[in-house]
Amino acid sequence: MPQLYVKQPTGRYRIAETACILDAASQVIDASFATGQPITSPESAETCLKIRLAALDHEVFYVLFLTTQHRVIQGEVLFHGTINASSVYPREVVKRALHHNAAALILAHNHPSGEASPSQADEAITQRLKQALGLIDVCVLDHLIVGKTIYSFAQNGKL
């Protein structure tokens, strides 16, 4: 595995720790997906969300709120869970979508096990969210499951 180095205040270099690398990657993603930046492809959303979610040791449910032109309004972790589950409440997702005046959103959650395949519960909550958000004219563009790989509901025809 390649090693990365970071420059210390003394001017010397040391091997970068994993946390340092992830923090730097998160800063790059934050700059790339700042408020007003467009999500131009499924790959760009996947990259953003993989860096945010893949290394977590517990499940979180993340929502990326977007304008009608798919520009980023805000990204938020809405629910925290355990090592293998997270409760998601459609009412809360709808409230946050209205709060941000979002026209579209991308749902995402991680599987700390690394297995990105959707469960029946994942499929059921995706449909419930899509239905609830549809009532207020908010489009669900995708639901991504982040593990060692990324599973896209949209790319697999399940949205």
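Structural data are supplied above this passage.
Analysis parameters
Residues numbered from 1 in each chain as written. Predicted model: local features only at pLDDT ≥ 70, side-chain atom pairs only at ≥ 80, totals over all residues. Heavy atoms only, no water. Phe/Tyr/Trp six-rings, centres within 6.5 Å; stacked < 30°, edge-to-face > 60°. Helix = DSSP H or I, 4+ residues; strand = E, 2+ residues; numbered from the N terminus. Buried < 20%, exposed > 50% of the residue type's maximum accessible area, 1.4 Å probe, protein only. Pairing = 2+ DSSP bridges. Axes fitted to C-alpha atoms, helices over the stretch in contact; angles between N-to-C directions. Contact = heavy atoms within 4.5 Å. Patch = residues over 30% accessible without salt bridge, like charges linked within 9 Å, V, L, I, M, F, W, Y side chains within 5 Å. Areas by Shrake-Rupley, 256 points an atom, 1.4 Å probe, with all protein chains shown as cover. Salt bridge = Lys/Arg side-chain N within 4 Å of Asp/Glu carboxyl O.

Enquirer: Lay out the packing of aromatic side chains in plain terms, naming residues and giving numbers.
Expert: Inspection of the entire model under this criterion finds three aromatic pairs. Arranged with centres 6.1 Å apart and planes meeting at 55°, the rings of Phe61 and Phe79 form a pair that is tilted. With Phe61 in strand 3 (residues 60-66) and Phe79 in strand 4 (residues 72-80), this pair connects stretches of sequence that are 18 residues apart. For the pair Phe61 and Phe79, one class covers both residues: buried. Considering the side-chain rings of Phe79 and Tyr89, the 5.8 Å spacing of their centres and the 65° angle between planes classify their relative orientation as edge-to-face.

Enquirer: Give a description of the sheet that holds strand 3 that names residues and reports values.
Expert: Spatial strand order, 4-3-5-6-7: five strands in an open sheet with mixed pairing. Two strands close off the open sheet at either side, each with one partner strand: strand 4 and strand 7 (150-152). Taken over all neighbouring pairs, the strand axes of this sheet differ in orientation by 20° on average, direction set aside. Bridge count between strand 3 and strand 5 (residues 104-110): six bridges; the pairing is antiparallel. Following the sheet pairing, Val63 is matched in strand 5 by Leu107. Contacts between helix 4 (residues 120-134) and the sheet are confined to strand 3, strand 5 and strand 6 (139-146), with strand 6 contributing the most and set at about 160° to the helix.

Enquirer: How would you summarise a nonpolar patch on the surface if you had to cite specific residues and measurements?
Expert: Residues Tyr5, Tyr13 and Ile15 make up a contiguous nonpolar surface patch of roughly 360 Å² in combined accessible area. Mapped onto the elements, Tyr13 comes out in strand 2 (residues 13-15). Using a relative accessible area of 55% as the deciding quantity, one classes Tyr13 as exposed.

Enquirer: Any details on the side chain of His100? Residues and values, ideally.
Expert: Residue position: His100 is located in helix 3 (residues 90-100). The exposure class of His100 is buried, given its relative accessible area of 14%. Not counting chain neighbours up to four residues away, the residues in contact with His100 comprise Phe65, Ile73, Gln74 and Glu76.

Enquirer: So, the pattern of salt bridges: which residues are in play, and what are the values?
Expert: Under the criterion given, the structure shown has three salt bridges. A salt bridge links Arg96 to Glu76; the shortest N-O distance between them is 2.7 Å. Here the residue Arg96 occupies a position in helix 3, and Glu76 occupies one in strand 4, the gap between them amounting to 20 residues. In this structure, the salt-bridge partner of Lys95 is Glu92, at a minimum N-O distance of 3.6 Å. Of the two residues, Lys95 and Glu92 are both situated in helix 3; the distance of three residues between them amounts to about one turn of the helix. Look at Glu92 and you get partly exposed, because its relative accessible area is 30%.

Enquirer: Account for the environment of Lys95, naming residues and giving values.
Expert: Judged by relative accessible area, which is 43%, Lys95 ranks as partly exposed. Sequence-wise, Lys95 and Gln8 are 87 residues apart; in three dimensions their C-alpha atoms are separated by 45 Å.

That's the geometry; what it means functionally is another story.
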